[in-house]
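# Close look at the chain arrangement
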Amino acid sequence: MEREKVGRLTLRAWGLLTASAIWVLYLLTLAPTVGFWDASEYVTTAHILGLPHPPGNPLFVVVGRVWDLLTGFTGLPVALRINALGATLSAGASFFWFLAVVRIVGRFRENRHEVLVAAIAAVWIGATAFTVWTQSNLNEKVYPLSMFVVALVSYLAMVWMDRADTVRGNRLLLLIALLLGLGWANHTMSMLPALALAVFVLLHRWRAALNPRVLGPAVALLAVGYSLQFLFVPIRSAQNPVIDEADPECPTLLSAVTPRRIDDPYGQSKLAVACEPLALSLIRAQYAPTPVTLRQAPLSAQYANYWQYFDWQWARSLPPGARVAASILFLFLALVGLWTHLRRDRKTFVYAGTLFFTVTLLLVYYLNFRYGYSMYWEEAPSIAAHEVRERDYFFIIGFQMWGIYAGLGLAALWGRWTASAAGREPERVPAGFGPRHRKAAALLALGLIPFFFNFARADRSGDRAARNLAYNMLQSVEPYAVLFTYGDNDTFPLWYLQEVEGIRRDVTVIVQSYLGTDWYHRQLRRLTKPCEPGESPEDAPTTIVCQRPFDPETAAELYAEMATTTPTRSAVPPSGTGIDALSRGQSISEDSTYRLSDWITGPLSEGDVLSPADIRVFQIARQALGDRPVYFAATASPVYGKWGLQPHLVRQGLAFKLVDGPLEASENLVDLSEYFPDSPLPTWNDRIRTGELLEGVFLVDDVLAWDEWPDPSTRSNIPGVYYMAHVFHGVSEELHGNPDAAERAYRRADHFARLADLASPSD
């Protein structure tokens, strides 16, 4: 059917043009570099063939690396090219959804011009839904690849229906099985069509599904596709890439493919493999996913959170009232589309309707999220009861299908209006566009609402905030520093800058949340060990060799004249010190005092619980002191706050240096405890260093041009750390009689306060 012509072009050519228009839209709003959360982790691991967080997403890593190599001739930044990969995959998904819609609508509409309008409206609205758009031009890269797999599988399912009794039909089922297996090796989201496919095939041609000559090879091909998870992940892990999360290395390849059941942290038995590190990665034991039977929030709250995300899709930049009106409109259009599909062609609705149910209502129940990041704080005031960020991206395929059905509903209303004016049934309207089609065409303009009212919030063409934050943090610390971070946003962008752009690779970034595992600190020990004679990390820049050298060319000028000494020992204590044996937390039995060094001591209270991650922070800091500088990122207050290190920390830009010695006020050092008496932050400020960084090194011009911070999940945190740095610096300069410098700092602090929704210093 897609080979039929509408005008001078075939429907397939129209689909290619529509997908190309969507692709151009994504490219025009494409982020020029990495973003927050997992985006920079995926860009980095694709570039170096590393292993991101479990289960490792090997298909994306491989596809991303191939794309990286093929597009290298452009000379464009790696992050921009990988972002373009996401845009291309999403546009490809729109192309296959276009062909699928053509086959569906073509079964009950004779007028091919109306089929064309329905397909264009469907994929355009689906592609401009807010979450689909923002995942296509910046955010986590694995989801566009899963969108592509789901769209391709859905199109092939429609083709199979017309070939079900033929040899080609059987081959299509085998191809679908292989694609599902490959998609599964990218993300479990790719397996969402499985239920719809099973129902569709069994109801349409059950004999084809149960044919041993089809069923057996299909299962085998599914396993072949998914085998990338069993083969690439442990093989690459054995090569010790710089990013090797969960360290899923196996003693033999046989142990990586031998099935075995393993218990998850909740005692549930799950099918995995004999190789324990790989098995733990496959079941994501590091994150201890909660069983679906143990609800993390009331189901009503989970569906309310879903409605919040649905409300974002159609007019994100409008005020709440107008946004709700737009949501109701598109909900109505989608329901019209669903009803039209169900009434006109139940055969294809079996597949599309089941998939729609799977990726919406069923998925909300299955994912079992905690309270939404920005909802139900009165009912659940503890941060532990909420998701750490907005999770709308998990429903990306559902939002795309809502858009597709809204487009079908809009086309159905347009077709009925045209037919009513002509006195005919919609399916009997003559071919071509007549005067009545053109008269009713204004109705189709409703499909442009998401484009116009999502554009401002979805546009990431000037978003360099994550990359620049990473640059500013790395340049805040001295050569060969250890820098403790807390989570994704103060870690992954730093990895990107180090491993892709080669900036400040001498700095050892240590994310505290990973120190509770039994593999991370061992990798850090190897990464920071002094190089042996003849050994150089430059010989294998993507794998762990030894301590990377300080390169003045990638550092701020203020470090050029600083005397640097190569560290003499690893930043992580040897295994014989007991650091490797930590497996559980320790409870403090009585009030006592810890001693990190002769100068750095602090209280421990009876009943305090120290996790393995907390203890390893202490051990690493003690090991590193005297051999290399020790810093804590400005975003890592829970890390240093656990040990009460504030009196020994000095602010230098966006990091706090741990000082092993007495602190006295001077021309450089300013004690601001009198001015911020209740602050949980360190109150010592290195006025000279912080001033040099804030005014001469930091990259903040892009953020200073923003009127609004685009990501709700980082709004209070990221601009907040800039705000505090400038406020502290402003007070320091004011105390030293520099009103102009203080005014500049306060002016910037005001801007960051507005971005973070904080009270400005002038208030």
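Residues numbered from 1 in each chain as written. Predicted model: local features only at pLDDT ≥ 70, side-chain atom pairs only at ≥ 80, totals over all residues. Heavy atoms only, no water.

So, on to the pairing of strand S6 (residues 508-511). What you see with S6 is no split at all: Thr 508 and Ile 510 on one side and Val 509 and Val 511 on the other are buried throughout. As paired strands, strand S5 (residues 482-485) and S6 are joined by 4 bridges and run parallel to one another. Bridge pairing in S6 places Phe 484 opposite Ile 510. In this fold, the crossover linking S5 to S6 by way of helix H20 (residues 492-499) has right-handed handedness. (Buried < 20%, exposed > 50% of the residue type's maximum accessible area, 1.4 Å probe, protein only. Helix = DSSP H or I, 4+ residues; strand = E, 2+ residues; numbered from the N terminus. Pairing = 2+ DSSP bridges. Right-handed = clockwise from strand over helix to strand, strands pointing away.)

The next point concerns the pattern of salt bridges. Side chains that differ in charge, positive against negative, can pair when their charged atoms come close. Inspection of every chain in the model, using the stated rule, returns 28 salt bridges. Glu 4 is the partner of Arg 112 in a salt bridge, and the nearest nitrogen-oxygen pair spans 2.8 Å. On the criterion of sequence distance, the pair formed by Arg 112 in helix H5 (residues 112-128) and Glu 4 in the segment before strand S1 (5-6) is long-range, its members being 108 residues apart. Residue Arg 112 is classed as buried on the basis of its relative accessible area, which comes to 18%. A relative accessible area of 33% places Glu 4 in the partly exposed class. Look at the salt bridges and you will find they share partners, linking Glu 2, Arg 12, Arg 103, Arg 107, Asp 162 and Asp 345 into a network. (Salt bridge = Lys/Arg side-chain N within 4 Å of Asp/Glu carboxyl O.)

Let's shift gears to the state of the cysteines. For the coordinates displayed, the defined rule picks out 2 disulfides. The side chain of Cys 250 participates in a disulfide bridge whose partner is Cys 275; the two sulfur atoms lie 2.2 Å from each other. Residues Cys 250 and Cys 275 share a disulfide whose torsion about the S-S bond is about -100°; that sign makes it left-handed. A residue pair is termed long-range when its members are at least 10 positions apart, and Cys 250 in the loop between helix H10 (212-238) and helix H11 (253-257) and Cys 275 in the loop between strand S4 (269-273) and helix H12 (276-282) qualify at 25 residues. Judged by relative accessible area, Cys 250 falls into the buried class, the value being 14%. The side chain of Cys 531 participates in a disulfide bridge whose partner is Cys 546; the two sulfur atoms lie 2.0 Å from each other. Because the sign of the S-S torsion sets the handedness, a value of about 85° for the bond joining Cys 531 and Cys 546 places this disulfide among the right-handed ones. Taken together, the residues Cys 531 in the loop between helix H21 (520-527) and strand S7 (586-587) and Cys 546 in the loop between H21 and S7 connect sequence positions 15 residues apart. Looking at the chain, its bonded cysteines, counted consecutively from the start of the sequence, adopt the pairing 1-2, 3-4. (Disulfide = S-S within 2.5 Å.)

In this structure, the second largest pocket spans a volume of roughly 440 Å³. Around the second largest pocket sit 17 residues that line it, and Ala 177, Leu 180, Leu 197, Leu 215 and Ala 218 are the ones nearest its centre. Listing elements by their share of the lining of the second largest pocket, those giving two or more residues are helix H8 (167-184), helix H9 (194-210) and H10. For the lining of the second largest pocket, a count of residues per class yields 17 nonpolar, no polar and no charged. (1 Å grid on protein atoms, 1.4 Å probe; cavity = no way out; pocket = protein on both sides within 12 Å on 5 of 7 lines; lining within 4 Å. Points joined across faces, edges and corners; volume = space filled by probe spheres on them. Nonpolar A, V, L, I, M, F, W, Y, C, P; charged D, E, K, R; others polar.)

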